[in-house]
Amino acid sequence: MLVKDLPRRERPRERLMESGAAALADRELLAVLLGSGFRGTSAMDLAAQVIAHCGDLDGLARSEPHRLLAVPGVGPAKAARVAAAFHLVRRAEAEPEPARVTSTADLALVTAPLLRGHSHERLVVVVCDVRGAVLRRTVLTEGGADHTTVPVREIITTVLTAGGAAFGIAHNHPSGSLHPSDADLQATSRLMEAAETVGLRFLDHLIVTDSLWRRIES
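Because the structure is predicted, anything quoted here is derived from the model rather than measured. (Residues numbered from 1 in each chain as written. Predicted model: local features only at pLDDT ≥ 70, side-chain atom pairs only at ≥ 80, totals over all residues. Heavy atoms only, no water.)

**Some details on the overall build of the protein chain**
Link 1 in the chain: Within the protein chain, the secondary structure is distributed over nine helices and five strands.
Link 2 in the chain: Written out in order from the N terminus, the α and β elements of the protein chain read α-α-α-α-α-α-α-β-β-α-β-α-β-β.
Link 3 in the chain: Projected onto its principal axes, the C-alpha positions of the protein chain cover 70 × 35 × 25 Å.
Link 4 in the chain: Among the 218 residues that make up the protein chain, the fraction classed as buried is 40%.
Link 5 in the chain: Surface summary for the protein chain: the accessible area is close to 12200 Å², and the carbon and sulfur share equals 52%.
Link 6 in the chain: Averaging the coordinates of the 25 positive side-chain charges in the protein chain and doing the same for the 26 negative ones gives two points 6 Å apart. (Helix = DSSP H or I, 4+ residues; strand = E, 2+ residues; numbered from the N terminus. Buried < 20%, exposed > 50% of the residue type's maximum accessible area, 1.4 Å probe, protein only. Areas by Shrake-Rupley, 256 points an atom, 1.4 Å probe, with all protein chains shown as cover. Lys, Arg positive; Asp, Glu negative; His and termini not counted. Charge placed at Lys NZ, Arg CZ, Asp CG, Glu CD.)

Here it is as structure tokens:
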């Protein structure tokens, strides 16, 4: 059966847009990249053939475009598109993280990879030593599409347990809005007070979207 003949809710592209990439199987994600099949073969069937040809997903990720051309139905455009996508992933993974957080921009750079591209709000805590060296970076909570909790006591405990002297937090807004909610403002004030009480330095609280970020002013 061709992809276009499937019910809309079962089509890979539509499912990705509605439920996110994590909801799709490997061959469905690859089918989205391929875009189409050939001569009665659906994009998903072609995707399965490409993965089988390469052995597994890791083999596909390391394959040069000319290797993919050996699969019937994969032309230069499809091969180049798949190879380019995996190469972008490798470049992103190779991006160095700053060794220290000495500015708000550094905090944004450290937290953004854990926040961007997610359909639910997440809260990331970055723990640093007295010189700003990153000791720990972790997703502390994950909530709904428009909110997540900011557990002040758990954040402070996380910092102290890691032996940190300073910390910053960031959360994403899947909606793309950089406007802080009243809860965001209140959480920032509470964190500043809690940090001062136990002798920690509170760096910043950021809102991160898929393309921008903003510092929350208390």
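Further notes follow.
**Structural notes on unusual backbone geometry**
Link 1 in the chain: Of note in this structure, Arg39 is not a glycine but carries a positive phi near 35°.
Link 2 in the chain: Looking at the secondary structure, you find Arg39 in the loop between helix H2 (26-34) and helix H3 (43-54).

**Here's the deal with H2**
Link 1 in the chain: Glu28, Leu30, Ala31 and Leu34 are the residues of H2 that are buried. In an axial view of H2, the angular spread of the buried residues amounts to 165°, which keeps them on one side of the axis.
Link 2 in the chain: Remark: Gly35 follows H2 within two positions and exhibits a positive phi of approximately 90°. (Arc of directions from axis to C-beta.)

**A look at the pattern of salt bridges**
Link 1 in the chain: Enumeration according to the criterion identifies five salt bridges in this entry.
Link 2 in the chain: The residue Asp58 makes a salt bridge to Arg62 at a minimum N-O spacing of 3.2 Å.
Link 3 in the chain: We note a salt bridge from Glu217 to Arg215, for which the minimum N-O separation is 2.8 Å.
Link 4 in the chain: Relative accessible area serves as the criterion here: at 52%, Glu217 is assigned to the exposed category.
Link 5 in the chain: The class for Arg215 is partly exposed, based on a relative accessible area of 35%.
Link 6 in the chain: When salt bridges with common partners are traced through the structure, they connect Asp204, Arg215 and Glu217 into a single cluster. (Salt bridge = Lys/Arg side-chain N within 4 Å of Asp/Glu carboxyl O.)

**Overview of the packing of helix H8 (residues 152-161) against helix H9 (residues 182-198)**
Link 1 in the chain: At a minimum axis separation of 10 Å, H8 and H9 run at an interaxial angle of 40°. As judged from the angle between their axes, H8 and H9 are oblique. Between H8 and H9 lies a crossing of right-handed hand. Seen from H8, the contacting residues are Val152, Ile155 and Ile156; seen from H9, they are Arg190, Leu191, Ala194, Ala195 and Val198.
Link 2 in the chain: Taken together, the residues of the contact of H8 with H9 break down into seven nonpolar, no polar and one charged. (Axes fitted to C-alpha atoms, helices over the stretch in contact; angles between N-to-C directions. Parallel < 35°, antiparallel > 145°, perpendicular 65-115°, else oblique. Left-handed = near helix turned anticlockwise from the far one by under 90°. Contact = heavy atoms within 4.5 Å. Nonpolar A, V, L, I, M, F, W, Y, C, P; charged D, E, K, R; others polar.)

**Quick look at the pairing of strand S4 (residues 201-208)**
Link 1 in the chain: The element S4 is largely enclosed, with a buried count of seven among its eight residues.
Link 2 in the chain: Two strands pair when backbone bridges link them, and strand S3 (residues 166-172) and S4 are joined in this way by six bridges, in the parallel orientation. Note on S4: the bridge partner recorded for Ala170 is Leu206.
Link 3 in the chain: In this region the chain leaves S3, passes through H9 and returns to the parallel neighbour S4; the handedness of that crossover is right-handed.
Link 4 in the chain: In this structure, the hairpin formed by S4 and strand S5 (residues 213-215) is closed by a connection of four residues. (Pairing = 2+ DSSP bridges. Right-handed = clockwise from strand over helix to strand, strands pointing away.)

**What about the packing of H2 against H3?**
Link 1 in the chain: Taken N-terminus to C-terminus, the directions of H2 and H3 make an angle of 110°; their axes are 8 Å apart at the nearest point. In terms of their interaxial angle, H2 and H3 are classed as roughly perpendicular. As for the relative orientation of H2 and H3, their crossing is right-handed in sense. Between H2 and H3, the residues in contact are Asp26, Arg27, Glu28, Leu30, Ala31 and Leu34 and Ala43, Met44, Asp45, Leu46, Ala47, Ala48, Val50 and Ile51, respectively.
Link 2 in the chain: Looking at the contact of H2 with H3 residue by residue, the classes come out as ten nonpolar, no polar and four charged.

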